Amino acid sequence: MGIYDREYYRDETGGSGWFSGIAPACKTIIAINVALYVVESILSSSPLRLFEEILPASSDAIFRGLNLWQLLTGAFLHANLLHLIWNMIFLWVVGREIEALYGSREFTLLYLTAAVFST
């Protein structure tokens, strides 16, 4: 690693928004998780059954129904608010460091790959 690859030499303060600066991919993933939780809370009584049948990972649906998208979507759903909060705190603490080491693109790829394999 060269001297200019180090975090304190990078121009991390460029940009003026939530999705720029330090750890933009980590912030984006956290925002997606929180948004999905809010939408899930709002639509919990909806007849669509999107968050009860289509998005959560189910081994029967994945292996027999070939609903392979559930390998990814299941990782973005949370059982309750406390589950979401602790996961996002851990993602913020650990994810920022990993993204600083490997970069946003590689961090996002690592996160999505880990999501699929963990499901």
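Residues numbered from 1 in each chain as written. Predicted model: local features only at pLDDT ≥ 70, side-chain atom pairs only at ≥ 80, totals over all residues. Heavy atoms only, no water.

## Notes on the packing of helix 5 (residues 81-102) against helix 6 (residues 104-118)
- As a packed pair, helix 5 and helix 6 sit with axes 7 Å apart at the nearest point and diverge in direction by 130°. Here helix 5 lies oblique to helix 6, going by the angle between them. At the point where helix 5 passes helix 6, the crossing takes the right-handed sense. Note on element contacts: helix 6 touches helix 5 through Ser-104, Glu-106, Phe-107, Leu-110 and Tyr-111, opposite Leu-91, Gly-95, Ile-98, Glu-99 and Tyr-102.
- Grouping the amino acids of the contact of helix 5 with helix 6 by side-chain chemistry returns 6 nonpolar, 2 polar and 2 charged. (Axes fitted to C-alpha atoms, helices over the stretch in contact; angles between N-to-C directions. Helix = DSSP H or I, 4+ residues; strand = E, 2+ residues; numbered from the N terminus. Parallel < 35°, antiparallel > 145°, perpendicular 65-115°, else oblique. Left-handed = near helix turned anticlockwise from the far one by under 90°. Contact = heavy atoms within 4.5 Å. Nonpolar A, V, L, I, M, F, W, Y, C, P; charged D, E, K, R; others polar.)

## Description of helix 6
- For helix 6, which comprises 15 residues, the first-to-last C-alpha distance of 21 Å matches the rise-based estimate of 21 Å (1.5 Å per residue) to within 8%.
- Buried within helix 6 are the following residues: Phe-107, Tyr-111 and Ala-115. For helix 6, the angular spread of the buried residues around the axis is 70°, confining them to a single face. Away from the buried face of helix 6 by more than 90 degrees, exposed residues Arg-105, Leu-109 and Phe-117 are located. (Expected span 1.5 Å × (residues − 1). Buried < 20%, exposed > 50% of the residue type's maximum accessible area, 1.4 Å probe, protein only. Arc of directions from axis to C-beta.)

## A short note on the nonpolar core
- Ranked by size, the top nonpolar core spans 12 residues in total: Ala-23, Ala-25, Cys-26, Ile-29, Ile-30, Tyr-37, Phe-76, Leu-84, Met-88, Leu-91, Phe-107 and Tyr-111.
- Contributions of two or more residues to this core are made by helix 1 (24-42), helix 5 and helix 6.
- Ranked by the residues each element gives to this core, the list is headed by helix 1, at 5 residues.
- Beyond its immediate stretch of four places on either side in the chain, Tyr-37 contacts His-78, Asn-80, Leu-81 and Leu-84. (Core = buried A, V, L, I, M, F, W, Y, C linked by side-chain atoms within 4.5 Å.)

## Here's the deal with the packing of aromatic side chains
- A full pass over the atoms with the stated rule returns 1 aromatic pair.
- Consider the rings of Phe-107 and Tyr-111, whose centres lie 6.4 Å apart with planes at 40°: the pair is tilted. Here Tyr-111 and Phe-107 lie together in helix 6, a separation of 4 residues that amounts to about one turn. With respect to class, Phe-107 is no different from Tyr-111; both count as buried. (Phe/Tyr/Trp six-rings, centres within 6.5 Å; stacked < 30°, edge-to-face > 60°.)

## Let's talk about a nonpolar patch on the surface
- A surface patch of nonpolar side chains, about 590 Å² in accessible area, is lined by Leu-81, Leu-82, Ile-85, Trp-86, Ile-89 and Val-93.
- Along the chain, Ile-85 turns up in helix 5.
- A relative accessible area of 39% means that Ile-85 is categorised as partly exposed. (Patch = residues over 30% accessible without salt bridge, like charges linked within 9 Å, V, L, I, M, F, W, Y side chains within 5 Å. Areas by Shrake-Rupley, 256 points an atom, 1.4 Å probe, with all protein chains shown as cover. Salt bridge = Lys/Arg side-chain N within 4 Å of Asp/Glu carboxyl O.)

## Quick look at the confidence of the model for the chain
- Residues at a pLDDT of 70 or more form 60% of the chain, whose mean pLDDT is 77.
- The secondary structure element of the chain with the lowest average pLDDT is helix 3 (residues 59-63), at 57, and the one with the highest is helix 5, at 94. (pLDDT = per-residue confidence, 0-100.)

## A closer look at helix 5
- The terminal C-alpha atoms of helix 5, which comprises 22 residues, lie 30 Å apart, in line with the 32 Å expected from a rise of 1.5 Å per residue.
- For helix 5, the principal kink sits at Gly-95 and spans about 30°.
- Every buried residue belonging to helix 5 is among Leu-84, Met-88, Leu-91, Gly-95, Glu-99 and Ala-100, and all of these are buried.
- The inward-facing, buried residues of helix 5 abut helix 1 and helix 6. (Bend = angle between axes of the 7 residues up to and from the residue.)

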